[in-house]
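The lines below spell out each chain.
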Amino acid sequence: MNETRRAVLDALAAGPVAGPALADDLGISRTAVWKHVEALRDAGFDVDSTSAGYALAGVPEYGAEAVEFGLDAPFDVEYHDAVPSTNDRARELAADGASDAAVVADRQTGGRGRRGREWSSPSGGVWLSLALRPDVPPARVPLVTLAAAVAVTDAAREAGVDAAIKWPNDCIVPREGVDRGGDKLAGVLTEMEGEASRVSWVVVGVGVNADVDPDELAGDATSVRAEAGAVDRRAFVQRFLERFDGLRDDPEAVLAAWRDRAATLGERVRVETADGDVVGDAVDVTEHGALVVETADGRQVVHAGDCQHLRPVDD
């Protein structure tokens, strides 16, 4: 949304305001005010025309303008009814120089998760990718992933779901006595381009089973709707973006928040890695996002792998 249209919308939200007065306040013509009002109506905003002037009567349920309205974070939002992959679109934007851009879609036709696995992305989910240009070396990029995991977990909790983080990047609803740790609610996929000493861009993709029937999802998955009822996706995305923005430049806060929300720490785990399984007690996560596992042969730091929760360590 351009700055003038945003200013018009803010004025309507505080209205009613007469068209001529708004034109004078913004330094534009009355015709321009009318065009901006009509564009807002086309985007789904309910704008009343009264004897006292224009007034905002309703906000669209979802979409770019809806997410940006009232958003307390510096992201430009691009919305699609359907897109093959929000990560792919965010990569295009990043390659073109975009920064702090959020690509949101109602559904993905080619969504993917870690290691290229297919990610079911039906209508009603929150499928979102951020194009970022953090001023950090590549070794610090995992903190961006941790921040996103915290942000999506907090947004889910605000929506009424008892969510937690499963290493490395899944948001789950923990279940007692389940080896996998719980039912998957959301995932985070991070991609980057850069050199040894600097990052050119980072794309953080977040897939959330929000207003989705679990029967539409593959594997052991659940949804916000199944756990807590109706979902306001606009509010969910706003809370995610605001929480992420508040964390991303504070590494210590990211690590503390991740540890506090982790379902994996304190659990006995099996991590399948390229060099074999690592079995032991998950005791910490490093600033690079690696899992620290206390094994029978001593502590091991695992940078990548598929993690299973085996049983509580005190059983």
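Look up a bit, the structure's there.
Residues numbered from 1 in each chain as written. Predicted model: local features only at pLDDT ≥ 70, side-chain atom pairs only at ≥ 80, totals over all residues. Heavy atoms only, no water.

(A) Examining the nonpolar core more closely. Ranked by size, the top nonpolar core spans 62 residues in total, and within it Phe75, Leu130, Val208, Phe240, Leu241, Phe244 and Trp258 carry the most contacts. Take this core: its biggest share by element is 11 residues, from helix H6 (residues 142–158). Not counting residues up to four positions away in its chain, the partners in contact with Phe244 are Phe75, Leu130, Leu132, Val144, Ala147, Ala148 and Ala151. Listed in part, the 14 residues of the second largest apolar core include Val8, Leu12, Ala23 and Leu56. (Core = buried A, V, L, I, M, F, W, Y, C linked by side-chain atoms within 4.5 Å. Buried < 20%, exposed > 50% of the residue type's maximum accessible area, 1.4 Å probe, protein only. Helix = DSSP H or I, 4+ residues; strand = E, 2+ residues; numbered from the N terminus. Contact = heavy atoms within 4.5 Å.)

(B) Expanded view of helix H3 (residues 30–42). Spanning 13 residues, H3 covers 18 Å between terminal C-alpha atoms, matching the ideal 18 Å at 1.5 Å per step. What H3 keeps buried is the set Ala32, Val33, His36, Val37 and Leu40. Down the axis of H3, the smallest arc covering the buried residues is 140 degrees, so these residues share one side. Facing away from the buried side of H3, by more than 90 degrees, are the exposed residues Lys35 and Asp42. Buried-residue contacts for H3 involve helix H1 (3–13), helix H2 (19–26), strand E1 (46–50) and strand E2 (53–58). Directly after H3, the chain includes Gly44, whose backbone phi takes a positive value near 110 degrees. (Expected span 1.5 Å × (residues − 1). Arc of directions from axis to C-beta.)

(C) Representation of the packing of H1 against H3. Between H1 and H3, whose axes approach to 10 Å, the crossing angle comes to 80 degrees. Overall, the two elements H1 and H3 adopt an arrangement that is roughly perpendicular. Touching Thr4, Arg5, Val8, Leu9 and Leu12 of H1 are His36, Val37, Ala39 and Leu40, all from H3. Here the contact of H1 with H3 is composed, by residue class, of 6 nonpolar, 2 polar and 1 charged. (Axes fitted to C-alpha atoms, helices over the stretch in contact; angles between N-to-C directions. Parallel < 35°, antiparallel > 145°, perpendicular 65-115°, else oblique. Nonpolar A, V, L, I, M, F, W, Y, C, P; charged D, E, K, R; others polar.)

(D) Main features of H6. If you check H6, its first and last C-alpha atoms are 25 Å apart, about what 17 residues at 1.5 Å a residue would give, namely 24 Å. The buried fraction of H6 amounts to 14 of the 17 residues, a majority that puts the element mostly inside the structure. Count one or two residues on from H6 and you reach Gly160, which has phi positive near 105 degrees.

(E) Here's a closer look at unusual backbone geometry. A cis amide bond, omega 15 degrees, links Gly15 with the succeeding residue Pro16. Relative to the helices and strands, Pro16 is located in the loop between H1 and H2.

(F) Up close: the sheet that holds strand E7 (residues 170–174). Taken in spatial order, the 7 strands line up as E3-E4-E5-E9-E8-E7-E6 in an open sheet, and their pairing is mixed. The open sheet has two edge strands, strand E3 (76–83) and strand E6 (164–166), and neither has a second partner. Recorded for the sheet is a direction-independent mean angle of 25 degrees between the axes of neighbouring strands. Bridging between E7 and strand E8 (residues 182–194) involves 5 bridges; their strand directions are antiparallel. Residue pairing for E8: Val173 is matched across the bridge by Asp183. Where H6 meets the sheet, it contacts strand E5 (126–132), E6, E7, E8 and strand E9 (199–208), and its direction lies at approximately 150 degrees from that of E8. (Pairing = 2+ DSSP bridges.)

(G) Structural context of the pairing of strand E12 (residues 291–295). The element E12 is largely enclosed, with a buried count of 4 among its 5 residues. By the bridge criterion, 4 bridges tie strand E11 (residues 276–285) to E12 in an arrangement that is antiparallel. By the bridge assignment, Val285 is partnered in E12 with Leu291. In this structure, the hairpin formed by E11 and E12 is closed by a connection of 5 residues, where Gly289 is found at a positive phi of approximately 80 degrees. For E12 and strand E13 (residues 298–302), the ladder comprises 5 bridges, and the chain directions are antiparallel. Its bridge partner being in E13, Glu294 is matched across the sheet by Arg299. Hairpin connection between E12 and E13: a loop of 2 residues separates the two successive antiparallel strands.

(H) Spatial organisation of the pattern of salt bridges. One pass over the structure, following the stated rule, counts 22 salt bridges. Residues Arg248 and Asp100 are paired through a salt bridge, measuring 2.9 Å at the closest nitrogen-oxygen approach. With Arg248 in the loop between helix H8 (233–247) and helix H9 (251–261) and Asp100 in the loop between helix H5 (86–95) and strand E4 (101–108), the pair connects residues that are 148 residues apart, well separated along the chain. Looking at Arg248, the relative accessible area reads 23%, which means it is partly exposed. Accessibility expressed as a relative area gives 17% for Asp100, which makes it buried. Between Glu294 and Arg299 there is a salt bridge; the shortest N-O distance is 2.7 Å. Classification of Glu294 as partly exposed rests on a relative accessible area of 30%. When its relative accessible area of 58% is taken as the criterion, Arg299 is described as exposed. Several salt bridges share partner residues, and in doing so they unite Asp154, Arg243, Asp260 and Arg261 into one network. (Salt bridge = Lys/Arg side-chain N within 4 Å of Asp/Glu carboxyl O.)

Interpretation note: all reported values are geometric properties and have no functional meaning in isolation.
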